[in-house]
Structures are given as C-alpha cells and as structure tokens.
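# Analysis of the macromolecular model
So you can see what is in the structure, the chains are spelled out below.
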Amino acid sequence: MALHRHKPKIIGITGSAGKSSTKEAVFSVLSSKYSVRKSEKSYNSELGLSLAVLGLKTAWRNPFGWAKNVIFGLRAVFGGDFSKILILEMGVDRPKDLDRLLKIARPEIGIITAIGEIPVHVEFFSGSEEIAREKSKLIKILSASGFAVLNYDDAAVWDMKKDTRARVLSFGFGEGADVRAAHEKISLDGTTFKMQHVGSTVPIKLEYVFGKQHIYAALAAAAVGIIHGMHLIEIAQSLNTYKPPPGRLNLIKGIKNSFILDDSYNASPLATRAALDALTELEGRRKIVVFGDMLELGKFTVVAHKAVGEQVAKFADYFLTVGPRSRFAAEEAIARGMDKDKIASFSTSREAGSYLKNLIKEGDLILIKGSQAMRMERVVEENMANPEEAECLLARQDKYWRRLP
C-alpha cells in the first residue's frame, strides 16, 4: 500500500556477498543529492523487506514493539514524508525466495553483487547455477527503461546480461567494465584506487575501509550515481562518507596495541577469500586468523573449508578455528606446511576469545570471521581495546542477540 501510494523509485540489491556494503555505498552516493532511505541492518527477508519499505525496525518478540510498528507503519502509509528512493536488500536462502520479495517491491534498478564458485546459502540449491538463476530474477523483471548493474568480474553474474530487457551497466576490475577500478592499494589507512568511466578517471579513498569487496561496493554505487546523472567527482566526494556496516572488515583497536579486522557478521567462501586477501596485503605485522564455521554450504562444506586452510597456510602466523567444520581448515593448513603448534581449534567463540587474549602481542593484526551463528563478534568484544564501544561498533548487539547463550 505504501509503495502504491507514494511510488518511490526502488533499487534492489541481491547477491551471495556484499549486499549490505553495496547498500551502504549506494546510500552514501545518492543521499548527497536525493531523499533516500535504505534497509536497516540486513533486512532482506519478506518481513525484513516490508519493515525496510516502511522505515521500521524489528521488535523481535516484543508484542508492544510490534503494536508500535503497526501505528508507525500506518503513519508511513498515509503520511506525506516518504523517501523518493528506497535502497532494498533482497536475500535468497531457498528456491522462490526472490519471487516472494519481488511481489512486495519491484525495482527500477537491480544490482547483483557476486555469486562466486561456492555461494552462501547453497545448502537448499543444487549448486551455484541454480542460485544464479534464482538471483537473476531481480533483473528479469526490470522494464526496458530500467537498469541492471552487474559485476563484470563474476562470470555467473555477467552472464545474466542476456536475461534482462533493461539497460546494463557493469562494474569491476576487468578492462571491459563500464565502471572500472585500477591501481588499488590497501594499507592501515584504508583503501585507495582509481575509478574510470568513459575515458574519465578520479582517485577514490575509502578511509579505514579495507578490501576489494568494498571497492566493488563503491563501483556499484558509482554506477547507480551515473544512472542518476551524477558526475564522477560528485560520486568520489560522496564516497568519502561511506562506512561499512558493523562486522564487515572494520578496523577496531585491539588490546595490547593490536589491530582487529572485524569481519564477524557472516561468512561465505567468496567473502572469506576476500577478507584473507585483504589481510595478506597489509605488510609488516604478525598476522592471526580467527575463523569460525561457514554454514549452509551443503555438499561444498568440506572443500570450502579446506580452501580456507590452504590460503591461511600461505601467510598467517597463527590460525585459530571455531566449530567442527573449521577443523577441516585447520587440518588442511597443517597438510600445507603450517606448524601445528601455531594452530588451535575450539568449540565456541568464547573459548577462542579467551585463548586469543593470551596470544596477542603488540602490533598484531587479527582477522576475525565466521558465519552468523558462530557469534564471532564475541571474540572481537573479548579482545577490543574499548569494549564499552561494542554496542556501536560490533554486529548483533541488540537485546535479542545479547540474551542468546
């Protein structure tokens, strides 16, 4: 009803990784010129999408909170203050999930971030091809006047261009991308790169933002800005305000003057590889990887975790794992030549957090990553220099999550 009454332009974002970061980057770009609202947190299910449309937050199990949501929802429907552009995440866990979401909101612009060889939430699909078909529905429903913004570097995503009537704008590092990144560099100050479009180039600095996945988010956002008539310089300036959501490779001060790369929100094979790549590029420090299970991978579970162990063994000084699946990663790291005395495995994130506290030395750089259910943010909280800042810096800090064992 709200969408029918107010008729905002809708930007839909889906993919196996990078949805929330892309949403934040698109918001940074468009909010500099337009009236824009984005999904709160990662509201990308049927209920979450409806809440995002109305600008509401979940009340979890609080009946009074839901009663308030009904009242405020009616105000949103019949009031006059409704954003002109909505930026909405659309998540896919099972077949036909996207069908249900597209019945709620039909985008004019569809962004597909990445699929990867082993996507997240693959457990209920036959493989990456079926997931790609499900996610491609986002751009199949676009009209000829719409835009499909596609990752040029992801073969499964770029192949979707044949499935849409909309105009296509691509982003990536490949030379054929419409919006392209080059000369990227990652340091403890953040990430820098050159952004190119139709012969023009501008420098971009993402301060205290780390990793190529955030460059992809910035490129997708730039493509949306271009669709809305913005110049590259305007886009570059607006990206100065881009900050990833909590738990997406944020730099946090650790105990003993250490540095924590907090990527604890969730984990897929694609996102984990990107996080490890970012850690690899940061030079001159002792590197510790704390890795929790990646869930919902089905038949790909063993091979995906072994791939993490193989990558970690190439550069990490210490490797801590949490959960039964991540033991495959630990075993593979040993098989690849990593000293078994530098590897420790734990059942819970709290155990790993306590162990890490004794392991850390001044100047260490620690990457913490794992799927949502592994609660890896607890490892961060145990070892951050200022735990009183946890509520504003870490993922899953509301009362519902804090009460869980």
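The paragraphs below set out a description of the structure included in this document. (Residues numbered from 1 in each chain as written. Predicted model: local features only at pLDDT ≥ 70, side-chain atom pairs only at ≥ 80, totals over all residues. Heavy atoms only, no water.)

## Overview of the layout of surface pockets
Which entries qualify depends on this criterion: Only protein atoms enter the calculation, which uses a 1 Å grid: trapped sets of points that fit a 1.4 Å probe without letting it out are cavities, open sets showing protein on both sides within 12 Å along at least five of seven lines are pockets, and any residue with an atom within 4 Å of a point is a lining residue. Grid points are joined across faces, edges and corners, and a volume is the space filled by probe spheres set on the points. Secondary structure follows DSSP: runs of H or I at least 4 residues long count as helices, runs of E at least 2 residues long count as strands, and numbering of each begins at the N terminus.
Each pocket or cavity is described by its volume, and for the second largest pocket that value is around 360 Å³. Along the wall of the second largest pocket there are 16 residues; nearest its centre are Asn250, Leu251, Ile252, Lys253 and Leu393. Contributing elements (two or more residues each) for the lining of the second largest pocket: strand S10 (250-254) and helix H16 (390-393). When residues of the lining of the second largest pocket are assigned to their parent elements, the largest contribution, four residues, is made by S10.

## Considering the sheet that holds strand S6 (residues 167-172)
Inclusion rule: Between any two strands, at least two bridges found by DSSP are needed for them to pair. Axis definition: a line fit to C-alpha positions, over the contact stretch in the case of helices; interaxial angles, taken between N-to-C directions, run 0 to 180 degrees.
With mixed pairing, nine strands are arranged side by side in an open sheet as S2-S3-S1-S4-S5-S6-S7-S8-S9. The sheet is open, and its two borders are formed by strand S2 (36-38) and strand S9 (200-207), each paired with just one other strand. The mean inter-strand angle of the sheet, taken between neighbouring strand axes irrespective of direction, is 20°. Of the strand pairs in this sheet, strand S1 (residues 9-14) and strand S4 (residues 109-112) are connected by four bridges, and their pairing is parallel. Following the sheet pairing, glycine 12 is matched in S4 by glycine 110.

## Brief notes about the sheet that holds S10
Formally: Note on definitions: a residue-residue contact is assigned when non-hydrogen atoms from the two residues lie within 4.5 Å.
Across the sheet, six strands lie side by side as S10-S11-S15-S12-S13-S14; this open sheet has mixed pairing. Among the strands making up the open sheet, the edge pair consists of S10 and strand S14 (343-346). Across this sheet, the average inter-strand angle for adjacent strands is 20°, counted without regard to direction. The pairing of strand S13 (residues 318-322) with S14 spans four bridges and is parallel. Note on S14: the bridge partner recorded for valine 322 is phenylalanine 346. Against the sheet, helix H11 (residues 269-281) touches strand S11 (258-263), strand S12 (287-292) and strand S15 (365-369), its axis set at about 175° to S15. The strands touched by helix H14 (residues 349-359) are S12, S13, S14 and S15; relative to S13, the strand with the most contacts, the crossing angle is about 160°.

## A closer look at the packing of aromatic side chains
To be explicit about the condition: Each Phe, Tyr or Trp ring (for Trp, its six-membered ring) is paired with any other whose centre lies within 6.5 Å, and the angle between the two planes then decides the class: stacked below 30 degrees, edge-to-face above 60, tilted in between. Any Lys NZ or Arg CZ that is within 6 Å of a ring centre and within 35 degrees of that ring's normal is treated as a charge sitting over the ring.
Tallied over the full model, the rule gives five aromatic pairs. Ring pairing ties together the aromatic residues Phe171, Phe173 and Tyr216, which thus form one cluster. For the cation-ring pair, arginine 248 lies above tyrosine 265, with the distance from its terminal atom to the ring centre recorded as 3.6 Å. Over the aromatic face of tyrosine 318 sits the side chain of lysine 342, whose NZ or CZ is 5.2 Å from the ring centroid.

## Observations regarding a negative patch on the surface
Basically, it comes down to this: By definition, no residue in a patch forms a salt bridge, and every one has over 30% relative accessible area; like charges are joined within 9 Å, nonpolar side chains (Val, Leu, Ile, Met, Phe, Trp, Tyr) within 5 Å. Only the protein chains shown count as cover for residues, and the accessible areas themselves come from Shrake-Rupley with a 1.4 Å probe. Between Lys or Arg on one side and Asp or Glu on the other, a salt bridge is scored when a side-chain nitrogen of the former is within 4 Å of a carboxyl oxygen of the latter. Counting rule applied: Lys, Arg positive; Asp, Glu negative; His and chain ends not counted. One atom stands in for each charge, and that atom is NZ of Lys, CZ of Arg, CG of Asp or CD of Glu.
Taken together, the side chains of Glu184, Asp277, Glu281 and Glu283 present a region of like negative charge at the surface. Within the element layout of this structure, glutamate 283 appears in the loop between H11 and S12.

## Re helix H13 (residues 327-335)
For the record, the criterion: Each residue's exposure class comes from its accessible area (1.4 Å probe, protein chains only) as a fraction of the maximum for that residue type: buried when under 20%, exposed when over 50%, partly exposed otherwise. Arc definition: it is the arc formed by the directions from the helix axis to the C-beta atoms.
Within H13 the residues assigned to the buried category are Ala329, Ala330, Glu332 and Ala333. The arc that holds every buried residue of H13, seen down its axis, measures 165°, which confines them to one face. Packed against the buried residues of H13 are S12, helix H12 (301-313), S13 and S14. Positive backbone phi, at 105°, marks glycine 337, one or two positions downstream of H13.

## Focus on unusual backbone geometry
In this structure, tyrosine 208 takes a positive phi of about 55° despite not being glycine. In this fold, tyrosine 208 is placed in the loop between S9 and helix H9 (212-227). Even without a glycine there, the phi angle at leucine 249 is positive, about 60°. Note on leucine 249: relative accessible area 0%, which makes it buried.

## Quick look at the environment of valine 202
Residue placement: valine 202 occurs in strand S9. With 185 residues separating them along the chain, valine 202 and alanine 17 place their C-alpha atoms 26 Å apart. Apart from the residues within four sequence positions on either side, valine 202 is in contact with Phe193, Lys194, Met195, Leu232, Ile233 and Ala236.

## Overview of the side chain of serine 28
Within the fold, serine 28 resides in helix H2 (residues 19-30). With sequence-adjacent residues up to four places away left out, serine 28 is seen in contact with Ser238, Thr241 and Tyr242.

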